[in-house]
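# Fold and contact review
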Amino acid sequence: MLYLYAPQEADVYQALLSRAMPGREVRVWPEPVDAASVRYAVVWGPPPGFFAGMRRLEAVFVLGAGVDKLMARDDLPSSVAVVRLTDAGMAQQMLEYALYGVLHAQRRMGEYQHQQSAAQWRPLPARLASQTRIGVLGLGEIGGKVAMGLATLGYRVRGWSRSGKPLEGVAACKGETGLEDLLADSDILLNILPATADTRGLLNERRLQGLPKGAFIINAGRGEQLDQNAVLGLLERGHLAGALLDVFSEEPLPVSHPLWRHPAVLVTPHIAAMTLPEEAVSQITANLAALVRGEKPAGLVERARGY
Ligand code: NDP
Ligand code: OXD
């Protein structure tokens with residue numbers, strides 16, 4: 001039996017999964033099931049204790065790219081395979097999101113919005129794409145495609161990953177020194193890292209101060225990787241010019257949070273790249289079939305490294 005937890009879009013996923021796997025029994029939370037007969041789960045944000053009693057559970061398929069919330073749980077035995085989505089239409093959306101922020105900063109749209117509010121007609125010096133340095137943190141299924149996409153558009157792109165893997169058009173770096181060099185050389189910093197023990201708190205005040213004065217930050221990884229108070233302080237001091245933020249340490253971002261009202265900050269509600277149900281189910285179906293054949297599915301999470 002396959003048990004689905006996707007309360008926002010349960011009907012859509014149930015229909016797609018049942019059609020894609022006609023031989024398999026698909027049951028949907030909150031319908032009660034005999035936990036011991038669940039072999040596979042398809043989930044996004046299941047509540048605490050969800051996996052309790054699922055002693056025959058073989059694999060959990062995540063309806064997203066990030067598995068940080070799942071890795072933090074204590075009801076998922078390490079013997080269970082965790083399989084996430086790999087791109088599945090999210091890289092293109094993330095590229096579009098990043099590009100929006102890049103153009104906002106590079107073409108000085110925030111300043112023009114400010115001028116418009118005062119009916120001010122004042123052309124500002126232009127900066128070309130070829131003069132704009134973008135640092136991308138995380139060169140995975142999504143980040144890698146975003147970095148290459150921006151490079152194709154003529155931006156000067158540097159990318160940071162754990163392995164320092166080479167990508168076409170992207171200057172690759174790794175390690176603490178690589179990160180420091182990247183920060184010092186980024187007019188725009190784009191974070192698309194997974195949240196792990198190594199990346200939580202990565203973008204702290206000290207590291208953010210390493211960005212050039214006037215830098216712009218785009219955070220589409222996870223909120224706990226970026227010190228939001230440090231961002232506010234650096235904006236006040238004029239070290240940062242602005243930010244486009246999609247993810248936050250607390251979501252939804254509390255109504256009283258100053259980021260909502262800061263004139264140089266653009267806030268979006270975790271929508272940079274959304275899961276596309278058809279693509280997701282097609283990947284899950286292929287990955288489940290691979291597991292059944294005894295093969296390694298794409299998107300198998302390495303539990304020890306957390307992504
Ligand atoms: P991947 O797992 O494919 O790639 C992760 C990348 O991060 C890899 O390049 C990896 O390096 C690098 N990395 C991981 N840990 C470190 C580290 N300690 N130091 C340096 N580099 C590191 O992830 P995806 O590209 O699929 O997704 C990335 C994240 O984007 C997700 O985990 C999620 O948090 C976020 N996301 C946000 C969305 C939104 O709407 N805001 C939507 C979708 C995803 P290496 O290549 O060497 O392994
Ligand atoms: C994801 C996300 O990880 O939407 O897929 O944040």
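Residues numbered from 1 in each chain as written. Chains lettered and ligands numbered in written order. Predicted model: local features only at pLDDT ≥ 70, side-chain atom pairs only at ≥ 80, totals over all residues. Heavy atoms only, no water.

## Here's the deal with the nonpolar core
By size, the foremost hydrophobic cluster in this structure holds 52 residues, and its most contacted members are Leu17, Val146 and Leu150. Sort the elements by how many residues they give to this core and helix H3 (residues 90-106) lands first, with seven residues. Here this core gathers at least three residues from each of two domains, domain 1 (2-88 + 275-292) and domain 2 (90-267). Not counting chain neighbours up to four residues away, the residues in contact with leucine 17 comprise Leu2, Leu4, Val26, Val42 and Val281. Counting residues in each nonpolar core, the second largest holds 27 residues, with Trp160, Ile217, Ala230 and Leu253 among its members. (Core = buried A, V, L, I, M, F, W, Y, C linked by side-chain atoms within 4.5 Å. Buried < 20%, exposed > 50% of the residue type's maximum accessible area, 1.4 Å probe, protein only. Helix = DSSP H or I, 4+ residues; strand = E, 2+ residues; numbered from the N terminus. Domains from an automatic or database assignment. Contact = heavy atoms within 4.5 Å.)

## Thoughts on the pattern of salt bridges
In the structure shown here, the tally under the stated rule is 19 salt bridges. The salt bridge involving glutamate 25 is made with arginine 27; its shortest N-O contact spans 2.5 Å. For the salt bridge of arginine 27 with glutamate 31, the shortest nitrogen-to-oxygen distance reads 2.6 Å. What makes glutamate 31 partly exposed here is its relative accessible area of 32%. Each of Arg127, Arg133, Arg158, Asp185 and Asp187 takes part in salt bridges that share partners, so that together they form one network. (Salt bridge = Lys/Arg side-chain N within 4 Å of Asp/Glu carboxyl O.)

## Considerations on the packing of helix H1 (residues 10-20) against helix H9 (residues 277-292)
The geometry of H1 relative to H9 is characterised by a closest axis approach of 10 Å and an angle of 40° between their N-to-C directions. Classified by the angle between their axes, H1 and H9 sit oblique to one another. Here H1 and H9 pass one another in a crossing that is right-handed. Between H1 and H9, the residues in contact are Val12, Tyr13, Leu16, Leu17 and Ala20 and Pro277, Glu278, Ala280, Val281 and Thr285, respectively. (Axes fitted to C-alpha atoms, helices over the stretch in contact; angles between N-to-C directions. Parallel < 35°, antiparallel > 145°, perpendicular 65-115°, else oblique. Left-handed = near helix turned anticlockwise from the far one by under 90°.)

## Considerations on the domain arrangement of the chain
With domains assigned, the chain is organised as domain 1 (2-88 + 275-292) and domain 2 (90-267). Spacing between the C-alpha centres of domain 1 and domain 2 amounts to 32 Å. In this complex, domain 1 contributes 12 residues to the contact, which on the side of domain 2 involves 10 residues. With both sides pooled, the region where domain 1 packs onto domain 2 buries about 840 Å², and carbon together with sulfur makes up 49% of that total. Looking at the side of domain 1 facing domain 2, the largest losses of area belong to Ala65, Asp68 and Asp87, adding up to 60% of the total buried there. Note that arginine 222 is salt-bridged to aspartate 68, the shortest N-O span being 3.0 Å. (Buried area = accessible area lost by both parts, 1.4 Å probe.)

## Considerations on the sheet that holds strand E2 (residues 26-28)
Taken together, the five strands give an open sheet; going across it, the order is E2-E1-E3-E4-E5, and neighbouring strands pair in parallel fashion. At either end of the open sheet lies a strand with only one pairing partner, and these are E2 and strand E5 (81-83). Taken pair by pair, the neighbouring strands of this sheet meet at an average axis angle of 20°, ignoring direction. In the sheet, strand E4 (residues 59-62) pairs with E5 via three bridges, with the strands oriented parallel. Note on E5: the bridge partner recorded for valine 60 is valine 82. Its contacts with the sheet put H9 on strand E1 (2-5), strand E3 (40-43), E4 and E5, and the angle it makes with E4 is roughly 160°. (Pairing = 2+ DSSP bridges.)

## Quick word on the layout of surface pockets
The computed volume of the second largest pocket comes to approximately 500 Å³. Together, 22 residues line the second largest pocket, and His104, Gly110, Glu111, Ala241 and Gly242 are the ones closest to its centre. For the lining of the second largest pocket, the elements supplying multiple residues, two or more each, are H3, helix H4 (109-117), strand E10 (215-219), strand E11 (240-245) and strand E12 (265-267). Looking at which element gives the most residues to the lining of the second largest pocket, the answer is H4, with five residues. Looking at the lining of the second largest pocket residue by residue, the class counts come to 11 nonpolar, seven polar and four charged. (1 Å grid on protein atoms, 1.4 Å probe; cavity = no way out; pocket = protein on both sides within 12 Å on 5 of 7 lines; lining within 4 Å. Points joined across faces, edges and corners; volume = space filled by probe spheres on them. Nonpolar A, V, L, I, M, F, W, Y, C, P; charged D, E, K, R; others polar.)

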